[in-house]
There are 2 protein chains.
Amino acid sequence: MLTKQELDEHWAQAREIYLNHISIDCVVFGFHEGQLKVLMLKSNNEEAWYLPGGFVLNEEPIEQAANRILKERTGIDEVFLRQFHVFGDPNRTKFHNEAYKENAFFNQRFISIGYYALVDFVDVKPMPDAFSEICTWRDLNDLPTFQLDHEHIFRTALDTLRLQLNYQPIGYNLMPQEFTMPELQKLYETILDKKLDRRNFQRRILAFGILDKLEQTRKGGAHKAPYLYSFNLENYQAALTEGLQGGW
Amino acid sequence: MLTKQELDEHWAQAREIYLNHISIDCVVFGFHEGQLKVLMLKSNNEEAWYLPGGFVLNEEPIEQAANRILKERTGIDEVFLRQFHVFGDPNRTKFHNEAYKENAFFNQRFISIGYYALVDFVDVKPMPDAFSEICTWRDLNDLPTFQLDHEHIFRTALDTLRLQLNYQPIGYNLMPQEFTMPELQKLYETILDKKLDRRNFQRRILAFGILDKLEQTRKGGAHKAPYLYSFNLENYQAALTEGLQGGW
DNA sequence: TACAATTGTGTACCAATTACACCTTCGTTT
DNA sequence: AAACGAAGGTGTAATTGGTACACAATTGTA
């Protein structure tokens, strides 16, 4: 944790250590208790929430910068992280610039590269940044007011995720090591915001060949115990690069 | 056309009028005589070709910058133009920086936003920029040596285009007003680099409902005259936003 | 007028998706 | 301990979509 003075010095140097005009914003998706969550921070100054973000060091690849930023807010590394869009409207940080005008670094236009991440909820240790008092998961059904254009960024990420679902396997990054078929289905239903047929979902997802059926079942519920599954990493990776299906 | 001196003055001011560290590169696809083409420029100094590119003015939205750059090289406007990836490796312009080291503006790291465009070949009037002697279409089967990471940028754009083909109608921007079914099929085959069944292609593309069959046929070939089609703009736009098909 | 080449159209077959039903198993209830 | 409710496991018929073909029609040319 940095002191106020160290922070001031950091931002005073920011124009020298970071690339000017470029920022990164991350939409971090997690899944917990049947709900899709997004990691957000609450601004110190106002009743507005924003997405984890940061800047690119002078000699740092942008993918590495995104990873670094993610790690700073979550403590985790080596996660599913993809750029999905660049937000380059000159007015997108107008309000921001006013609020932080005492900070010279923020007094410039930023073009933000949007990344979205899929992470295992339980691995994340949310950590606030220098401008926030709270860093926590927000339920997609109970989203707060967003700062700047972060609602637009979030919405674009969600749309991208839904589209990706059609030709990329997802779940490995969002589910625990072992999970049941109904739990995986709930993930898909939550992302798509749509009910799926239990039997058809199972057949289709199994046909992809990315799951291993385990011997054990999950006892405890007041009903028939479902089988446990885990992802077959080899096939999963293959499906990631190949794409699940073609069109033409 | 600017004189050498005007150019020098322009680049001397570049750090003030353009956002530093940010560039835009465009992969412009055209289709002519059954061949897919990409617009490229040949460097004055070396035997290397590069993609149309440029920079973002201080208060300019990036989409507008991409459009401006495209118009400067082609003369056309209001075309299909989509960002597809950001290239942010710190070494990507290393060679570039050396070659242009007398130009202060180029002596910095650039993160490049990649756009791809689909344009009607005949509308384009290729115009060289300040660093090129030639601006012209290059056949995808006969590509030159690329400068910097432009081969990677081009390849990523082509992969994106192929993927988009699965859930977006394309063709309106690449085909003339009226065209025959075999001509449209050739476009798809060229993009995908794959033969398609004539009859199945026709059934499938017609099922999308984005084509209007015209009364006339195209005479002239030494064979049965094919019907002419045009795109139904209303349905085409709808398909663009809706996506041609879903997965889940 | 016959021919070669190309287009228009149709159909049988297989694969994938959809819409369902029935049985099994778990903890709970009585 | 037997019955029950609720959820999971598995199967199948009907429909849709995709693939692989064949044949007739039309064009300019030989």
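Since the structure is predicted, the reported quantities are computational estimates derived from the model, not experimental observations.

Thresholds applied
Residues numbered from 1 in each chain as written. Chains lettered and ligands numbered in written order. Predicted model: local features only at pLDDT ≥ 70, side-chain atom pairs only at ≥ 80, totals over all residues. Heavy atoms only, no water. Phe/Tyr/Trp six-rings, centres within 6.5 Å; stacked < 30°, edge-to-face > 60°. Helix = DSSP H or I, 4+ residues; strand = E, 2+ residues; numbered from the N terminus. Buried < 20%, exposed > 50% of the residue type's maximum accessible area, 1.4 Å probe, protein only. Expected span 1.5 Å × (residues − 1). Arc of directions from axis to C-beta. Near = heavy atom within 4 Å. Polar contact = N/O pair within 3.5 Å; in protein donor to acceptor, adjacent residues only side chain to side chain. Nonpolar A, V, L, I, M, F, W, Y, C, P; charged D, E, K, R; others polar. Least-squares fit on C-alpha atoms with pLDDT ≥ 70 in both. Contact = heavy atoms within 4.5 Å. Domains from an automatic or database assignment. Buried area = accessible area lost by both parts, 1.4 Å probe.

> An account of the packing of aromatic side chains is needed here, citing residue identities and associated values.
One pass over the structure, following the stated rule, counts 51 aromatic pairs over all chains. Here Trp-11 of chain A and Phe-106 of chain A contribute two aromatic rings whose centre-to-centre distance is 5.2 Å and whose plane-to-plane angle is 45°, an arrangement assigned as tilted. Of this pair, Trp-11 of chain A sits in helix α1 (residues 4-17) while Phe-106 of chain A sits in the loop between α3 (94-99) and β6 (111-118), placing them 95 residues apart in sequence. A residue is classified by how much of its surface remains accessible, and Phe-106 of chain A, at 5% relative accessible area, is buried. With a centroid separation of 5.4 Å and 65° between ring planes, the pair formed by Phe-105 of chain B and Phe-110 of chain B is classed as edge-to-face. Of the residues examined, Phe-105 of chain B reaches a relative accessible area of 0% and is grouped as buried.

> Please give an account of helix α2 (residues 62-74) of chain A that cites residues and values.
All names here are of chain A. Between the first and last C-alpha of α2 there are 18 Å, a value that for 13 residues agrees with the 18 Å anticipated at 1.5 Å per step. Considered for burial, the residues of α2 that qualify are Ile-62, Ala-65, Ala-66, Ile-69, Leu-70, Arg-73 and Thr-74. Projected onto a plane normal to the axis of α2, the buried residues spread over an arc of 150° and lie on a single side.

> Account for the protein's contact with DNA strand D, with residues named and values stated.
Around DNA strand D sit 22 residues in total, of which Pro-182, Arg-198, Arg-199 and Tyr-227 of chain A together with Arg-199 of chain B are the nearest. The contact atoms of DNA strand D, taken as those within 4 Å of the protein, divide so that sugar and phosphate hold 49%. Arg-203 of chain A places a polar side-chain atom, nitrogen or oxygen, 3.2 Å from a base oxygen of DNA strand D. At 2.4 Å, a side-chain N or O of Arg-199 of chain B approaches a base nitrogen of DNA strand D. Elements supplying a minimum of two residues to the surface near DNA strand D: α6 (198-207) of chain A together with α6 (198-207) of chain B. Across the surface near DNA strand D, the residue classes break down as six nonpolar, five polar and eleven charged.

> Help me get a handle on the relation of the copies chain A and chain B, residues and values and all.
Screw-axis analysis of chain A against chain B gives a translation of 0.0 Å along the axis, an RMSD of 0.1 Å, and a rotation angle of 180°. Taken together, these values place the two copies in the relation of a two-fold axis. Of the residues that chain A buries at the interface, 100% are likewise interface residues in chain B, meaning the two copies contact each other through the same surface.

> Please provide a residue-by-residue account of the protein's contact with DNA strand C, values included.
With respect to spatial proximity, 21 residues lie near DNA strand C, and among them Arg-199 and His-223 of chain A together with Arg-199, His-223 and Tyr-227 of chain B are the closest. Protein-adjacent atoms of DNA strand C, using a 4 Å cutoff, are sugar or phosphate at a proportion of 54%. Contacts to DNA strand C include Arg-199 of chain A, whose side-chain N or O atom sits 2.5 Å from a base nitrogen. Ala-222 of chain A places a main-chain nitrogen or oxygen 3.1 Å from a base oxygen of DNA strand C. Elements represented by at least two residues in the surface near DNA strand C include exactly α6 of chain A together with α6 of chain B. Looking at the surface near DNA strand C, its residues break down into five nonpolar, five polar and eleven charged.

> Any details on the domain arrangement of chain A? Residues and values, ideally.
Residue and element names in this part refer to chain A. We note that the domain assignment places domain 1 (4-164) and domain 2 (179-242) within chain A. A straight line from the C-alpha centre of domain 1 to that of domain 2 covers 31 Å. Listed by partner, the interface residues are eight residues for domain 1 and eight residues for domain 2. Summing the contributions of domain 1 and of domain 2, the shared interface buries around 640 Å²; its carbon and sulfur component is 72%. The three residues of domain 1 that bury the most area against domain 2 are Phe-31, Leu-36 and Arg-162, which together make up 65% of that side's buried surface. Joining domain 1 to domain 2, the criterion identifies two residue pairs in polar contact (both at pLDDT 80 or more). Listed by contribution, the elements that provide at least two residues to the side of domain 1 that touches domain 2 are β2 (35-43), β5 (80-87) and α4 (150-164). Partitioned by chemical class, the residues of the side of domain 1 that touches domain 2 number four nonpolar, two polar and two charged.

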